Amino acid sequence: MRLLKSVVLSVAACCLVQVSAVTTLRADQKTGTLDIYFIDVEGGAANLIVTPEGESLLIDSGYPDNQGRDLNRIIAVAGEVAGLKRIDHAMVSHWHLDHFGNHAALAAKFGVGTFWDRGIPDSLSEDPGFPDRIAAYRAASQNQSKALQAGQLVPLKSGKTPLSLKVLCASREAVVGEGPENTFAARHQPQPDDPTDNSASIAVLLRFGEFRYVTCGDLTWNMEAKLVTPRNPAGRIDLFMVTHHGLAVSNNPALVLALDPVAAVMCNGPKKGGAESTLKTLREVQSMQQWFQLHRNVDLDGSLQAPAEFIANSVPTADCQGQWVLARVAPDGASYTIQIGSDGKPHSFRTRSEH
Ligand SMILES: [Zn+2]
């Protein structure tokens, strides 16, 4: 009984801490920042963007099942931390279960406005469960999901500081003839073509004033090169979501070095992604000041990874609390901070002016 009482007390204390931290974040949000959350879904992806106009876009929704682990983490960040009442736009980068595992459940439990994807294929050879999963998605979106193509702008409201979200590639088609010439194009060493849906991933460029953020889903090697050859349509950017959880079949230096991000966040799991070769490429990026990892790669020497203070979660999945990372861009787009969790230290970065 005494044990039960102490458990109840410590849970209550935990909740109090949580509420006070959340209040701080909400107050800050009224100041017109652009907030980009990287929610930990143990090696899947769930990237929540909240604009100064209060619009929300969730790109990918983690794994299904696991007693609602990823669903609950997304709802906790969206509802309690970001203070949202619903998700206005929910995008699927590609049709793998670690990316659209909870779109249907989110629509039922939290609310989703518009569904965006790359178009729904008739079948997916790598996933025998696809017909059932896609039936749930179709039902949740009432068959009204909108297919995105390269070059298209996703209609987000823009305020005093101009904001835009452009599709750089989708369904293996990329925008062409835009941006500076890629001086790293020769770094592409072709690999066998990837027939899976990874190579069909949607990549987007988010611009807010001078600030630029790129996320490419699970785009793989040859498509990454295609996206930035001969021209790089994103230019040099500020923030990069390391592609495909940091796996070695993605993060082609021809793309990563051309984007030349100042900061990056890798959505890896304890035993998925965070590959040694990817970390080597990040270290080679000329303008890179710091990358963050959602997880420590438990199988890789610590000296090859980000220092511990830039790693959100260091324990295996079974014990993981699912700490998130937030990039918060100032209302004028001229600077940003990146922090781990509500109480994490904000690390400051200045937005680059030359792209
Ligand atoms: Zn994935």
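The structure we're discussing is the one just above.
Attention in this report is confined to the structure presented alongside it.

1. Here's the deal with the overall build of the protein chain
- If you tally the helices and strands in the protein chain, you get 8 helices and 17 strands.
- Taking 2.2 N^0.38 as the reference for a compact globule, 355 residues should give roughly 20 Å; the C-alpha atoms of the protein chain span a radius of gyration of 19 Å, in line with that estimate.
- Considering only C-alpha atoms, the protein chain reaches an extent of 65 × 45 × 45 Å along its principal axes.
- Within the protein chain, buried positions represent 55% of all 355 residues.
- Nonlocal contacts in the protein chain, meaning residues at least 24 apart in sequence, comprise 69% of its contacts between residues at least 6 apart.
- Total accessible area on the protein chain stands at roughly 15,300 Å², and carbon and sulfur atoms take up 54% of it.
- Averaged over its 32 positive side-chain charges, the protein chain has a centre that lies 5 Å from the centre of its 37 negative ones.

2. What to know about the coordination of the zinc ion
- Coordination of the zinc ion by the protein comes from Asp98 (OD), His99 (NE2), Asp218 (OD) and His245 (NE2), over a distance range of 2.1 Å.
- Considering all 4 donor atoms around the zinc ion, angles at the metal cover 83 to 156 degrees and the coordination shape is irregular.
- Sequence spacing among the residues donating to the zinc ion works out to D-H-x118-D-x26-H. With Asp98 in helix 3 (residues 97–100) and His245 in the loop between strand 11 (239–242) and helix 7 (253–259), the pair connects residues that are 147 residues apart, well separated along the chain. Across the pair, His245 and Asp98 agree in class, each one buried.

3. Quick notes on the sheet that holds strand 17 (residues 347–350)
- If you trace the 9 strands from one edge of the open sheet to the other, you get 6-5-4-3-2-1-15-16-17, paired in mixed fashion. Every other strand in the sheet has two partners, leaving strand 6 (146–147) and strand 17 as the edge strands with one partner each.
- Pairing analysis gives 5 bridges linking strand 1 (residues 34–38) to strand 15 (residues 325–329), with the strands arranged antiparallel. Across the sheet, the residue bridging to Phe38 is Val325, located in strand 15.

Rules behind the numbers
- Residues numbered from 1 in each chain as written.
- Predicted model: local features only at pLDDT ≥ 70, side-chain atom pairs only at ≥ 80, totals over all residues.
- Heavy atoms only, no water.
- Helix = DSSP H or I, 4+ residues; strand = E, 2+ residues; numbered from the N terminus.
- Rg over C-alpha atoms; globule rule 2.2 N^0.38 Å.
- Buried < 20%, exposed > 50% of the residue type's maximum accessible area, 1.4 Å probe, protein only.
- Contact = heavy atoms within 4.5 Å.
- Areas by Shrake-Rupley, 256 points an atom, 1.4 Å probe, with all protein chains shown as cover.
- Lys, Arg positive; Asp, Glu negative; His and termini not counted.
- Charge placed at Lys NZ, Arg CZ, Asp CG, Glu CD.
- Donors = N, O, S within 2.8 Å, 3.2 Å for Na, K, Ca; no water.
- Tetrahedral: all angles 85-135°; square planar, octahedral: opposite > 155°, others 65-115°.
- Pairing = 2+ DSSP bridges.

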